[in-house]
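Commentary on secondary and tertiary structure
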Amino acid sequence: MPIGSTLAHPAGIQPGGSRKADPMPDVLETSLTAVPANGGGGSAESRPTVPQAAESPAFRHSRTHRLADRWAHLAFLSCSLLVVGLIGGILFFLASRGLAAFWPVAGNMGRALHLSEVFLSADWAPSSDRFGILPFIAGSLGVTGLALLIAAPAGILTGVFIAKMAPAWMRNLMRQVMDLLVGIPSVVYGIFGLTVVLPLVSHTWLADAPASGFAVSAVILAVMIVPTIVSLSTDAFESLPSSLDEGAQALGSSRWQAIWHVLIPAARPRLLTAAVLGLGRAIGEAMAVQMVIGNNPQWIALMRESTDRAPFLRALFTPAATLTTELVQELPNTAAGSTWNNVLFAMGLLLYLLTMVLILATRRLGRGKEA
Amino acid sequence: MGAAPVFRRSRSSKLVDRLMRGVLWAIAILFVVVLILFVGAILKQGWPVLNLSFLTKMPETLDAGGGIKPQIFNSIYLVVLSLGISLPVGLGAGVYMAEYAGKGRALNFLRLCIETLAATPSIVLALFGMIVFVQAMGWSFSIRSGALTLALLNIPVITRVTEVSLLAVPRELKEASYGLGATKLQTILKVALPYAATGILTGLVLTAGRAFGESAILVFTAGTNASAQFPDFRLTVPGETLSVHLWYVTSDGTLPDAREIAAGTAAVMILVLLSLNLLVRLVDRAIRRRTR
Amino acid sequence: MLIPTVPETKPIKLSVRNMAFSYGEKKVLDGLSLDIHAERVTAIIGPSGCGKSTFLKCFNRIHEVSSAVNVSGDMLMDGVDIYRGGIDEVDLRRRVGMVFQKPNPFPKSIYENVAFGPRLFGVSDRTSLDGIVEDALRKAALWDEVKDRLKESATGMSGGQQQRLCIARALAVNPEVLLMDEPCSALDPIATAKIEDLIGELKENLTIVIVTHNMQQAARVSDYTAFFWLGKLVEMDLTERIFTTPRVQMTEDYITGRFG
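Residues numbered from 1 in each chain as written. Chains lettered and ligands numbered in written order. Predicted model: local features only at pLDDT ≥ 70, side-chain atom pairs only at ≥ 80, totals over all residues. Heavy atoms only, no water.

Our focus in this paragraph is the overall build of chain C. Secondary structure summary: chain C contains 10 helices and 10 strands in total. Classification of the 260 residues of chain C by burial places 61% in the buried group. Taking the contacts inside chain C whose residues are at least 6 apart along the sequence as the reference set, 66% of them involve residues at least 24 apart. Here chain C displays about 9700 Å² of accessible surface, and carbon together with sulfur accounts for 49% of that area. (Helix = DSSP H or I, 4+ residues; strand = E, 2+ residues; numbered from the N terminus. Buried < 20%, exposed > 50% of the residue type's maximum accessible area, 1.4 Å probe, protein only. Contact = heavy atoms within 4.5 Å. Areas by Shrake-Rupley, 256 points an atom, 1.4 Å probe, with all protein chains shown as cover.)

Spelled out as structure tokens, the structure:
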């Protein structure tokens, strides 16, 4: 009896008669009988199908369902495209105003400026037609750098503390503290700086009354960006394989040695990412800084002229200005289309481009981690 | 034969370990103390000002004793409006990224855009809103300019939280739905989004908190004046919020009691945000208890 | 031959010809051809990684939900190619139900779980839904256990009950074929026995394909057994035959536990 016929199909289904022998390895060749190649021993006249079970017509998708499915895809896609469009739109509109300072554009009231007299000059006197924004760039970098100098080590150490050392209750407490710190509005940080921190340093040997400036701004900013750094670096440490830590401690290194020599280096790319994102937050912060920094575009000159015994320290407490604070301070007072106004938009454009660079930098850092 | 070296932990390494453990604890505790001092100081300054009439009176322009009634209204109104605009967009983009975009260049690029928008300083968004809504559309400083620009701040946050919550939906549940003949849309609407709803809701409350505290955007789009009518639902009038009011009275300085008004406003804001935070925590705990 | 040949009276429901399956570059299944009869239980056995689950999932195209896959050859249901015959995969999945390895009830009430399918197709009036739910739960031998707590959450049930609920949920949309992917692998022996009894009852008017790593289970519940190895079909035959007089040495080795 041919083995194949034991299955006794009434008729093998033969789709498209051109079917070739199944390509199976030699060993299995003989066993390919589950489907008799010749259609089995049975009668081959009819194509047997299951009599369609009385199908409930209710269990069919209506046309509306199908159309909805298709349109929904489009709707979701267009939401995403809107976000992409926004990125481009912001760039376009800021550029349209910011770059107008440098090209003779219809509607411009003033002359077209030279790039160098804006970006390479520290001379800011808009009413006398001098538009050097170097003081603001330097101010932004100075305040942000100082803030990062405080927030990055503190945030990373807090991250490692939360991820690897703190008991559960402390971990929970720290999470809540960070959640609250990140939720406090910048104007409230500003008012705190203005009414609590500044009076502390005013009328001391650090500053003549009333104090303001880099130092206080940086401290406030540091507290504002610390939650970002803490949360990202906690994630970074938690995502490290626990074998790393255990391995180091099994070799007899102390808790701190394991953290310093093993965990921090291993998490480095993500810690840098955390710092860069913190930097981004700090450099873009406007209101809190504006309320405490003193808003003095001439701060560089003021520092240069000062004949103090402790110039550096006191410099940290002289009124200064940054890109963001100057925007908040002067944008409402300038007429649209004036050179002054255009230069302010150019400062906004600069901030936006900086954001893009920082985000791309975090991408780079992320890729470095994978490699 | 030379004796094998003895590897013993040096006294100094033990000392450093002790010291650094102490430092880590100290830094962590410092943050707790900073928060307590901060909230304490704000509430203490605002406490004498906080009373019913402060909350329910109209503000004064030159005299002392004004209230913050319209600012409270505007804050809530703008948060609701901006969420109403950003929620559909953010949800849609989040759903697209989690369920449709697949893994590849497109998704990567979308993520990049979302991250960029999320990292864009609010002062930059304010400039954009000022150019487009305030000037080009001719809407001047108004509730609608403010709500639309504020929505830009919310969109990336909602998108991100939607995407993350949807990615956390177990694959088995989606498969079960598809296995029954559900379309993709049905699976998303009936299985994935309900499962992700709590995560999205939590994110939404946090977004609301952020929008509530935002000031830079609103100074340049919704303006620093509040309507004299109350309640004024018109979208075309300026809408000064609590946070803008706090900043404006401080920096403008024409009010004799600017300090008190600012302190009271700050205290109100802190109280609102603390309650929002508590709300999130309670909801979270309730859900966790229910699903356990 | 010891076993008398049983002439098969049931028609062929699913027919696979020279089918191959790959994820991107990786070929998982190759050169498969077999027939599955209506109202019979067909078991697919084989060592883990042999592609049996993948094969099962090809019948309702659920792979396509999460990744790009490539299926070549023919897979026919009632003579119509389910990949190229103009059948929409959403319709297909309604007709080809599936029960998964791990019970996966929705985090909803028992009632809502079963009513989920009918609701997808627009059934919304209470009486029809009640009828469908009761019918499906009865078919899944779960009605008596849950009829008083239909509103309770499905996630509070035992694993075995959850799996039977998933069966009821699949039955509620009136499928023609039921695919079961190791449905008992997460269950205890008593719950397993209940599911196995259920399979015997369900085959009265369903085509059942079950993937199992448990050979006793295949022997107990199935009419036909197919043995897969490394993405290929080694042998398919009546279950009795596979377990008593397999034609291929490799099948015998696997069944007697010499490998796998």
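The rest of the description comes next.
A separate point is the pattern of salt bridges. Should the charged atoms of two oppositely charged side chains come close, the side chains can pair. According to the stated counting rule, one finds 37 salt bridges over all chains in the structure shown. For Lys102 of chain C, the salt bridge identified is with Glu172 of chain B, shortest N-O distance 3.9 Å. Note that Lys102 of chain C is positioned in the loop between strand E6 (96–99) and helix H3 (110–120) and Glu172 of chain B in helix H7 (residues 171–179), a pairing that runs across two chains. We note a salt bridge from Lys52 of chain C to Glu182 of chain C, for which the minimum N-O separation is 3.9 Å. Here Glu182 of chain C lies in the loop between strand E7 (177–181) and helix H7 (189–202) and Lys52 of chain C lies in helix H1 (residues 52–58), a separation of 130 residues in the sequence. A relative accessible area of 11% places Glu182 of chain C in the buried class. Salt bridges here are not isolated pairs; linked through shared partners, they connect Lys13, Asp78, Arg95 and Glu176 of chain C. (Salt bridge = Lys/Arg side-chain N within 4 Å of Asp/Glu carboxyl O.)

Moving on: the sheet that holds strand E5 (residues 80–81) of chain C. What the four strands build is an open sheet, ordered E2-E1-E4-E5 (chain C); its pairing is antiparallel. Only two strands of the sheet have a single neighbouring strand rather than two, namely strand E2 (26–37) and E5 of chain C. (Pairing = 2+ DSSP bridges.)

Let us now look at the interface of chain B and chain A. By a widely used convention, the size of an interface equals the accessible area lost when the partners come together. Every contact between the two is made by 76 residues of chain B and, on the other side, 78 residues of chain A. Surface buried jointly by chain B and chain A totals about 6800 Å² across both partners, of which 80% is contributed by carbon and sulfur atoms. Counting the surface chain B buries against chain A, the share from its top three residues, Leu24, Phe31 and Phe38 of chain B, is 10%. At the boundary of chain B with chain A, the tally comes to two salt bridges. The interface formed by chain B and chain A includes 11 residue pairs in polar contact (both at pLDDT 80 or more). Residues belonging to the side of chain B that touches chain A are distributed by class as follows: 53 nonpolar, 15 polar and eight charged. (Buried area = accessible area lost by both parts, 1.4 Å probe. Polar contact = N/O pair within 3.5 Å; in protein donor to acceptor, adjacent residues only side chain to side chain. Nonpolar A, V, L, I, M, F, W, Y, C, P; charged D, E, K, R; others polar.)

Packing of helix H2 (residues 63–98) of chain A against helix H4 (residues 105–119) of chain B leaves a shortest axis separation of 9 Å and a crossing angle of 55 degrees. One element, H2 of chain A, and the other, H4 of chain B, form an angle in the oblique class. The way H2 of chain A lies across H4 of chain B gives a crossing that is left-handed. Across the interface between the two elements, Ser80, Val83, Val84, Leu86, Ile87 and Ile90 of chain A of H2 of chain A pack against Phe109, Leu110, Cys113, Ile114, Thr116 and Leu117 of chain B of H4 of chain B. (Axes fitted to C-alpha atoms, helices over the stretch in contact; angles between N-to-C directions. Parallel < 35°, antiparallel > 145°, perpendicular 65-115°, else oblique. Left-handed = near helix turned anticlockwise from the far one by under 90°.)

For the rest of this paragraph, the subject is the sheet that holds strand E9 (residues 224–229) of chain C. To summarise the sheet geometry, strands pair through backbone hydrogen bonds and adopt either a parallel or an antiparallel arrangement. Residues and elements named next belong to chain C. Ordered by their spatial adjacency, six strands build an open sheet running E6-E7-E8-E3-E9-E10, and the pairing between neighbours is mixed. Two strands lie at the open edges of the sheet, namely E6 and strand E10 (232–238), each paired on one side alone. For this sheet, the mean inter-axis angle between neighbouring strands, taken without regard to orientation, is 20 degrees. Taken strand by strand, H7 contacts strand E3 (41–45), E7 and strand E8 (207–211), and its axis lies near 150 degrees from that of E8.

Residue and element names in this part refer to chain C. Relative to the elements of secondary structure, Asp253 occurs in helix H10 (residues 249–255). The exposure class of Asp253 is buried, given its relative accessible area of 19%. In this structure, Asp253 is in contact with Arg258 and Phe259, ignoring residues within four places of it in sequence.

Attention now goes to the environment of Leu180 of chain A. Position of Leu180 of chain A relative to the elements: it lies in helix H5 (residues 168–183). Sequence separation between Leu180 of chain A and Pro227 of chain A is 47 residues, and the spatial gap between their C-alpha atoms is 9.0 Å.

The next point concerns a nonpolar patch on the surface. Residues and elements named next belong to chain A. Taken together, the side chains of Leu67, Trp71 and Leu74 make up a nonpolar region of the molecular surface, amounting to roughly 330 Å² of accessible area. Following the sequence through the fold, Leu67 ends up in helix H2. When its relative accessible area of 35% is taken as the criterion, Leu67 is described as partly exposed. (Patch = residues over 30% accessible without salt bridge, like charges linked within 9 Å, V, L, I, M, F, W, Y side chains within 5 Å.)

Moving on: unusual backbone geometry. At the junction of Phe230 of chain B and Pro231 of chain B, the peptide bond is cis and its omega measures out at -15 degrees in the coordinates. Mapped onto the secondary structure, Pro231 of chain B falls in the loop between helix H9 (216–221) and helix H10 (242–252). One non-glycine residue with positive phi stands out, namely Glu39 of chain C, at about 55 degrees. Residue placement: Glu39 of chain C occurs in the loop between E2 and E3. The phi dihedral of Asn174 of chain C is positive, around 60 degrees, even though this residue is not glycine. The topology assignment puts Asn174 of chain C in the loop between helix H6 (159–171) and E7.

Attention now goes to helix H4 (residues 126–139) of chain C. All names here are of chain C. Between its first and last C-alpha atoms H4 spans 20 Å; for 14 residues at 1.5 Å apiece the expected length is 20 Å, and the two agree. Of all the residues in H4, the buried ones are Leu129, Ile132, Val133, Ala136 and Leu137. Mapping the buried residues of H4 onto a view down its axis gives an arc of 125 degrees, with all of them on the same face. Contacts from the buried residues of H4 go to H3, helix H5 (143–146) and H6. A positive backbone phi angle near 55 degrees is found at Ala141, which sits one or two residues after H4. (Expected span 1.5 Å × (residues − 1). Arc of directions from axis to C-beta.)

Another point: the packing of aromatic side chains. How two aromatic rings sit relative to each other is given by the distance of their centres and the angle of their planes. Taken as a whole, this structure holds 25 aromatic pairs over all chains when the rule is applied. Here the aromatic rings of Phe73 of chain B and Tyr77 of chain B are separated by 5.3 Å at their centres, their planes lie at 25 degrees, and the arrangement is stacked. Highlighted residues: Phe73 of chain B and Tyr77 of chain B, both in helix H3 (residues 69–100), separated by four residues, approximately one helical turn. Assigned by exposure class, Phe73 of chain B and Tyr77 of chain B land together as buried. Pairwise contacts between aromatic rings join Phe92 and Phe93 of chain A together with Phe128, Phe133 and Trp139 of chain B into one cluster. One residue, Arg97 of chain A, lies across the ring of Phe345 of chain A, its end atom 4.6 Å from the ring centre. Note that Lys151 of chain C overlies the ring of Tyr111 of chain C, its terminal NZ or CZ placed 4.5 Å from the centroid. (Phe/Tyr/Trp six-rings, centres within 6.5 Å; stacked < 30°, edge-to-face > 60°. Lys NZ or Arg CZ within 6 Å of the ring centre and 35° of its normal.)

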